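Now for the letters of each chain:
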Amino acid sequence: MLPTPGGDDPDRPAGLRIGPLDLADRVDEALRVQAVAFGLSEEEVGIRRYIVQRHMACRGARALGAFTEDGALAGFVYGMPNDRAYWWSSVVEPYLRAEGHDGWLDGAFVITELHVHPGFQGHGVGRTLITRLTDAAEEPRSILSAIDTESPARGLYRALGYADLARQVHFPSASLPYAVMGAPLPLRRA
């Protein structure tokens, strides 16, 4: 059981410790957080387990976690330098090209997943995770995809400097359209 969030220390949002995460080793725990935060079915979790493990073997892939005092995972983020040969890039490239933004696929650090357990949302955990991960990126910009609806996640991304590069992007297995967003690095601070 995760404790109730609290605390005002910006280096410990919601009283959590932010640090490196061996995502390949703790994939099941991370996917439980993602399932609760994103509403995944058991079948989707199984598919994502394979995807996460494959991603973590990619060049430059990194993950951070938000940990409770007892070491439980309350949130995580991971990403990697983009490569146009990656599946995600091949799906979003035509949408970006149509908007004149396909150059964003080069020299970009992709935020692949960012999820915070609902009990810790709204306390700066997601902001801290994504800014710390991108602060260590060598690339001059960051890109990500998010469900194309007005949501707290999209609001956070905009506050950090991300702007829509393409909207109504359809991934083969997703029922809802996505938006691809990009931001120069370092990300904007409050």
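Residues numbered from 1 in each chain as written. Predicted model: local features only at pLDDT ≥ 70, side-chain atom pairs only at ≥ 80, totals over all residues. Heavy atoms only, no water.

**Observations concerning the overall build of the chain**
Within the chain, the regular secondary structure consists of five helices and seven strands. Traced from its N-terminal end to its C-terminal end, the chain shows the element sequence β-α-α-β-β-α-β-α-β-α-β-β. For a compact globule of 190 residues, the expected C-alpha radius of gyration is about 16 Å, and the chain comes in at 16 Å, within 12% of that figure. Along the three orthogonal principal directions, the C-alpha set of the chain runs to about 45 × 40 × 30 Å. Residue burial in the chain is summarised as follows: out of 190 residues, 46% are buried. Element-wise, carbon and sulfur atoms account for 52% of the exposed surface of the chain, whose accessible area totals about 9400 Å². Here the chain contributes 19 positive and 24 negative side-chain charges, whose respective centroids are spaced 3 Å apart. (Helix = DSSP H or I, 4+ residues; strand = E, 2+ residues; numbered from the N terminus. Rg over C-alpha atoms; globule rule 2.2 N^0.38 Å. Buried < 20%, exposed > 50% of the residue type's maximum accessible area, 1.4 Å probe, protein only. Areas by Shrake-Rupley, 256 points an atom, 1.4 Å probe, with all protein chains shown as cover. Lys, Arg positive; Asp, Glu negative; His and termini not counted. Charge placed at Lys NZ, Arg CZ, Asp CG, Glu CD.)

**Quick look at the packing of aromatic side chains**
In this structure the tally under the stated criterion is three aromatic pairs. A centroid spacing of 5.2 Å and a plane angle of 90° characterise the contact between Phe 171 and Tyr 178, whose relative ring orientation is edge-to-face. Among the residues examined, Tyr 178 registers a relative accessible area of 13% and is labelled buried. Site record: aromatic cluster; members linked through ring pairs are Trp 87, Phe 171 and Tyr 178. (Phe/Tyr/Trp six-rings, centres within 6.5 Å; stacked < 30°, edge-to-face > 60°.)

Geometric values such as these leave the question of function open.
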